[in-house]
Amino acid sequence: MSPAADTVTEKSTTSGSTELASVPSPGASPPHARRVPVTTARARRLARRLPDLLVSAATRSAAIVALLLLWETAPRLGLVDRTFLPPFSEVARAWWELAADGSLADNARASLVRSFSGFGLAVLVAVPLGLLIGWYRPVADLLGPLLEVFRNTAALALLPVFVLLLGIGETSKISIVLYACTWPILLNTISAVRGVDPTLLKLAKSMDLSAPRMFQKVILPSAVPVVFTGIRLAGAVSILVLVAAEMIGAKAGLGYLINASQYNFAIPQMYAGIVTISAIGVAFNQVLVAAERRLSSWRLPADN
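A few points on the structure. (Residues numbered from 1 in each chain as written. Predicted model: local features only at pLDDT ≥ 70, side-chain atom pairs only at ≥ 80, totals over all residues. Heavy atoms only, no water.)

## Describing the overall build of the protein
- Of the regular secondary structure elements, the protein holds 10 helices and two strands.
- Start at the N end of the protein and walk to the C end: the helices and strands fall as β-β-α-α-α-α-α-α-α-α-α-α.
- The long-range fraction of contacts in the protein, counting pairs at least 24 apart against all pairs at least 6 apart in sequence, stands at 67%. (Helix = DSSP H or I, 4+ residues; strand = E, 2+ residues; numbered from the N terminus. Contact = heavy atoms within 4.5 Å.)

What follows is the structure, encoded as structure tokens:
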């Protein structure tokens, strides 16, 4: 064997002994050099996907841009009365003024605290109750008629009842949000449990899984997508119902801001509050979508 092909050489030490030192073969590359092609390949994939990403972003934003352009031009061209529908630029200016003096942040903070409190309580109550009703038939038979009565009663129809029983403070507003958010989560959770693939249940029973383990390994993973559909619906409901509740007896909140602006004929400020509510709703929905993808990532292909 020639010396150039050897991967092991002798290295002299101070004590006169020899030790074997590893020497890379001539055809091998340094470890740090192996990562360069991987990074380059990722950059190339990103460069190839960039036009598709730009086209997708433009497609998704085209309708919003068209709406804003129509909103800006229609009042200026006299298609609508700009007294009642001012151009979007005036609404944006009013939004900036409200944000600069801090009133927008104060009202948004009050609304978010109420909305998230009611929404969080609804999740804590409705998800376990829905799992229980969906899995145990006696519980469903017991509570089914009562649920049918209340789920067909609109939350806003009960708003005067909540105000009479709980007052016009924070308790009534959080309670009406809790009531409105409970039903989408509860009904979707029940449907998710009852819709689990029977083949999976038979397979789990054949493996002698206990009831808690079956819940953990089969029921919950299968129910996550449908449960999150109800949670996302409840997220939208929590904001919409709260705005209506804040128009009665509230001294802060986005609903109060919209109502007060209407009474004072501050139309741009009223639309600024409406735009803020829409933006909060979209952002909240995106957070829930990200959480759903995180919890149900096992259902997606490995390359996604």
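## Side note on unusual backbone geometry
- Positioned with a positive phi, Phe265 is a non-glycine residue whose angle comes to about 60°.
- Summarising the element assignment, Phe265 is placed in the loop between helix 9 (254-263) and helix 10 (267-295).
- Residue classification places Phe265 among the partly exposed positions, given a relative accessible area of 49%. (Buried < 20%, exposed > 50% of the residue type's maximum accessible area, 1.4 Å probe, protein only.)

## Looking at empty space enclosed by the protein
- A full pass over the atoms with the stated rule returns two cavities of 30 Å³ or more.
- Estimates place the volume of the largest cavity at around 80 Å³.
- At the level of elements, helix 3 (103-135), helix 8 (211-246) and helix 10 are the ones that each hand at least two residues to the lining of the largest cavity.
- Partitioned by chemical class, the residues of the lining of the largest cavity number seven nonpolar, two polar and no charged.
- By volume, the second largest cavity is sized at about 30 Å³.
- Leu159, Val163, Ile168, Ser172, Lys173, Ala245 and Ile248 together form the lining of the second largest cavity.
- Its residues assigned to classes, the lining of the second largest cavity comprises five nonpolar, one polar and one charged. (1 Å grid on protein atoms, 1.4 Å probe; cavity = no way out; pocket = protein on both sides within 12 Å on 5 of 7 lines; lining within 4 Å. Points joined across faces, edges and corners; volume = space filled by probe spheres on them. Nonpolar A, V, L, I, M, F, W, Y, C, P; charged D, E, K, R; others polar.)

## Notes on the environment of Ile267
- Its place among the elements puts Ile267 in helix 10.
- Separated by 182 residues in sequence, Ile267 and Leu85 have C-alpha atoms that sit 7.6 Å apart.
- Non-local contacts of Ile267, meaning those with residues more than four positions away in its chain, are made with Thr83, Phe84 and Pro86.

## Observations concerning the nonpolar core
- Membership of the largest hydrophobic core comes to 57 residues, with the highest contact counts inside it found for Phe119, Ile176, Ile185, Leu186, Ile231 and Leu254.
- Examining the composition of this core, we find that 15 residues originate from one element, helix 8, more than from any other.
- Beyond its immediate sequence surroundings of up to four residues, Ile185 is in contact with Ala122, Val123, Ala126, Val127, Gly230, Ile231 and Ala234. (Core = buried A, V, L, I, M, F, W, Y, C linked by side-chain atoms within 4.5 Å.)

## Considering the layout of surface pockets
- The volume enclosed by the largest pocket comes to roughly 270 Å³.
- Taken together, Ile64, Leu67, Leu68, Trp71, Phe88, Tyr271, Ile274, Val275, Ser278, Ala279 and Val282 make up the lining of the largest pocket.
- When contributions to the lining of the largest pocket are tallied by element, the ones reaching two or more residues are helix 1 (35-76) and helix 10.
- In terms of residue count, the dominant contributor to the lining of the largest pocket is helix 10 (six residues).
- Its residues assigned to classes, the lining of the largest pocket comprises 10 nonpolar, one polar and no charged.
- For the lining of the second largest pocket, the secondary structure elements donating two or more residues are helix 4 (137-151) and helix 6 (170-194).
- Broken down by element, the residue count for the lining of the second largest pocket peaks at four residues, all from helix 4.
- Here the residues of the lining of the second largest pocket are counted per class, giving five nonpolar, one polar and two charged.

## Overview of the side chain of Ser261
- Tracing the backbone shows Ser261 in helix 9.
- With a relative accessible area of 5%, Ser261 lands in the buried category.
- What Ser261 contacts, discounting residues up to four positions off in sequence, is Ala266, Gln269 and Met270.

## Describing the packing of aromatic side chains
- Scanning the model with the defined rule gives seven aromatic pairs in all.
- A centroid spacing of 6.0 Å and a plane angle of 55° characterise the contact between Phe162 and Tyr179, whose relative ring orientation is tilted. Of the two residues, Phe162 sits in helix 5 (residues 159-166) while Tyr179 sits in helix 6, which places them 17 residues apart along the sequence. The residues Phe162 and Tyr179 share a single accessibility class, namely buried. (Phe/Tyr/Trp six-rings, centres within 6.5 Å; stacked < 30°, edge-to-face > 60°.)

## A short note on the packing of helix 3 against helix 9
- Helix 9 packs onto helix 3 with a crossing angle of 130° between their chain directions and a minimal axis gap of 7 Å. When the axes of helix 3 and helix 9 are compared, the pair comes out oblique. When helix 3 is examined against helix 9, the residues Leu104, Asn107, Ala108 and Ser111 are found in contact with a partner set consisting of Leu254, Gly255, Tyr256 and Leu257.
- Class assignment for the residues of the contact of helix 3 with helix 9 results in five nonpolar, three polar and no charged. (Axes fitted to C-alpha atoms, helices over the stretch in contact; angles between N-to-C directions. Parallel < 35°, antiparallel > 145°, perpendicular 65-115°, else oblique.)

## Side note on the pattern of salt bridges
- All chains considered together, the criterion is met by five salt bridges.
- Here Arg109 ties to Asp106 by a salt bridge, and the two come within 3.1 Å at their closest N and O atoms. Here Arg109 and its partner Asp106 are both found in helix 3, three residues apart, which amounts to about one turn of the helix.
- Overall, the relative accessible area of 45% leaves Asp106 in the partly exposed class.
- Notably, a salt bridge pairs Glu246 with Arg114, separated by 2.7 Å at the nearest N-O pair. One end of the pair, Glu246, is in helix 8; the other, Arg114, is in helix 3, and 132 residues separate them in sequence. With respect to burial, Glu246 and Arg114 carry one shared label: buried.
- One salt-bridge network, held together by shared partners, links Arg114, Glu170 and Glu246. (Salt bridge = Lys/Arg side-chain N within 4 Å of Asp/Glu carboxyl O.)

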